[in-house]
Amino acid sequence: MSIAPTHRALEAGAGAGTTGRLTAQLDLLTPSESQLSPRLTDLVVDALGVAVAGRGQPVSVAAASIVGSSRTLWDRAWLHGVQMHALDFDDTHEASLCHTAVALLPGLLAAALERSLPATRLLQAHLFGVRVVDFLAPLGPRFNEMGLHSTGLVGTLAAAAASSWLLDGDPGVSAAAMEFAALTASGLGAAFGTDAKPIQAARTTEAGLRAALLAGAGVGPPHGAALGPRGLVALWLGEEVIDTLPWETMAPEAVSQVALKPYPSCFLTHSTIDAILWIRDQLGIRDVADVALVEVVAHPVAIALADKTALRTATDAKFSLRYCAREALLRGVPVVGSFADHVWREVMADREGWSRWVDRVEVRADRDLPRVGARVVLRTVDGRTCAREVMAPHGSAADPLTATEVDDKFRANCAGAMSDAQVEAALAGVRGLAGVADLGDLTVFCELLPQVEQPTP
């Protein structure tokens, strides 16, 4: 599919009212090339690596068979998004709890490659999208507490704005794209721990790209559908919530608020994992039989989303504070294999043992804690006690992964799918992305992006 080289402008007067206010805000969030930072490249490196690692997951294989030989931009973006989120190892914007990579990058990459755009344009659009997420951040946890999925709603709106800006560069058209995206933005917390979650998360980038193409083609948007008095946000959260957004701010620190995960589980489990790893070393314990009691105090949102005890699948384990604590205690730093199907089955096969562990771990809520924080106290059967408070887990904005750690994570994620030489060449290509004048000439994406089946002659 080819994108039309130009987009029709919105009709005169289309910027009035709610859409006009949104347009003015997006204009403030529009980045310049000078504002691109190495940290933004870290986000791209991380996202591409986790997508490669996710290719072999059953949900990714199923998605690839559904896409088949389709070459439409939105199908390719959706498939890439499924792969990127298949392991739940992709980034999390802390304040919004939105996965920015899966919402933004697949659609941006598909469109930028189709248009042979310069890499700086791609990076600016990605930065713009992250800033939109940051602007909408107060909505995310409120959606999650209602049983909705912040990525599905916040992410879809941001994806539409970013994709539109990439293609058109006009904040007014981006606002119209967000209005279109509000019609299809959706997502339920019920998907957490199931194969439906990557399907749902990838829908954000697909829906955002479609909305951008509609707005760019000059189709009239439903004004106010995103942030108007009868729009998506007002109907779910109340009209008064709209004025609590940080209007007339520029979100200059948005990128630094995106956490890159060191562990392939829900980010809300990471403080508990960090605490258990520290206690494990302090007490020198490696066996759950040595544990008399574990107390975990976490934010109510973390408990609502990540305290599963009835684990129906290995994916459920990624949303279980108790499972993650057990793995960290027994095996140390959790890796992709910690949540492999055979490992989960081994744990669940000993039903009495799992039940005893669940009963030994007490989880309590404290709304005064940061959403990503935790306090953990462990008491051993021989009477020793050790406590650890982690307000900002490793990988968070307050304790970010270094560029070296991001590169090492990329290597580990790509190792099973590519040779060492291919991995190093791909990493060098992405690290040098900013200097590429035509993304269509960058052969590294042949290795990192999903390849569609060729139609049978």
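An account of the accompanying structure is given in this report. Computed from a predicted model, the values in this text were never measured in an experiment.

## What about the pattern of salt bridges?
Using the criterion set out here, one finds 23 salt bridges in the structure. We note a salt bridge from Glu 206 to Arg 210, for which the minimum N-O separation is 3.5 Å. With a gap of four residues between them, Glu 206 and Arg 210 both fall in helix 10 (residues 196-216), about one helical turn apart. A residue is classified by how much of its surface remains accessible, and Glu 206, at 11% relative accessible area, is buried. Of the residues examined, Arg 210 reaches a relative accessible area of 35% and is grouped as partly exposed. Here Lys 308 ties to Asp 316 by a salt bridge, and the two come within 3.5 Å at their closest N and O atoms. Taking relative accessible area as the criterion, Lys 308 reaches 22% and is therefore assigned partly exposed. Within the structure, one salt-bridge network assembled from shared partners comprises Arg 39, Asp 42, Asp 407 and Arg 431.

## Section: the packing of aromatic side chains
Tallying each qualifying case throughout the model produces five aromatic pairs. Pairing Phe 128 with Trp 165 gives two aromatic rings, centres 6.0 Å apart and planes at 40 degrees, and the pair type is tilted. You can see Phe 128 sitting in helix 6 (residues 119-136) and its partner Trp 165 sitting in helix 8 (residues 150-168), a full 37 residues away along the chain. You'll find Phe 128 and Trp 165 in the same group, each marked buried. An angle of 75 degrees between the planes, with centres 5.0 Å apart, marks the rings of Phe 135 and Trp 247 as edge-to-face.

## Describing the sheet that holds strand 3 (residues 291-298)
Strand-to-strand pairing in sheets goes through backbone hydrogen bonds, with the strands running parallel or antiparallel. Judged by pairing direction, the sheet is mixed, and its four strands sit side by side in the order 4-3-5-6 without closing on themselves. Across the chains shown, the open sheet's two edge strands, defined by having one partner strand only, are strand 4 (361-365) and strand 6 (385-390). Averaged over all adjacent pairs, the angle separating strand axes in this sheet is 10 degrees, with direction ignored. Where strand 3 lies against strand 5 (residues 374-380), seven bridges are found, and the strand directions are antiparallel. Residue Val 291 lies in a different strand from strand 5, and its bridge partner there is Thr 380. Packed onto the sheet, helix 17 (residues 351-360) meets strand 3 and strand 4 and runs at close to 55 degrees relative to strand 3.

## Some details on the side chain of Asp 407
Position of Asp 407 among the secondary structure elements: in helix 18 (residues 403-414). At a separation of 2.8 Å, a polar atom in the side chain of Asp 407 contacts the side chain of Arg 431. Ignoring anything within four residues of it in the chain, the contact list for Asp 407 reads Val 45, Leu 427 and Arg 431.

## Details of the layout of surface pockets
In this structure, the second largest pocket encloses a volume near 370 Å³. Gln 57, Asp 195, Ala 314, Thr 315 and Phe 339 are the residues nearest the centre of the second largest pocket, which is lined by 21 residues in total. When residues of the lining of the second largest pocket are traced back to their parent elements, those giving at least two are helix 3 (58-67), helix 10 and helix 14 (314-317). Residues that form the lining of the second largest pocket fall into these classes: 10 nonpolar, six polar and five charged.

Procedures and definitions
Residues numbered from 1 in each chain as written. Predicted model: local features only at pLDDT ≥ 70, side-chain atom pairs only at ≥ 80, totals over all residues. Heavy atoms only, no water. Salt bridge = Lys/Arg side-chain N within 4 Å of Asp/Glu carboxyl O. Helix = DSSP H or I, 4+ residues; strand = E, 2+ residues; numbered from the N terminus. Buried < 20%, exposed > 50% of the residue type's maximum accessible area, 1.4 Å probe, protein only. Phe/Tyr/Trp six-rings, centres within 6.5 Å; stacked < 30°, edge-to-face > 60°. Pairing = 2+ DSSP bridges. Axes fitted to C-alpha atoms, helices over the stretch in contact; angles between N-to-C directions. Contact = heavy atoms within 4.5 Å. Polar contact = N/O pair within 3.5 Å; in protein donor to acceptor, adjacent residues only side chain to side chain. 1 Å grid on protein atoms, 1.4 Å probe; cavity = no way out; pocket = protein on both sides within 12 Å on 5 of 7 lines; lining within 4 Å. Points joined across faces, edges and corners; volume = space filled by probe spheres on them. Nonpolar A, V, L, I, M, F, W, Y, C, P; charged D, E, K, R; others polar.

What is shown is where atoms sit, not what they do.
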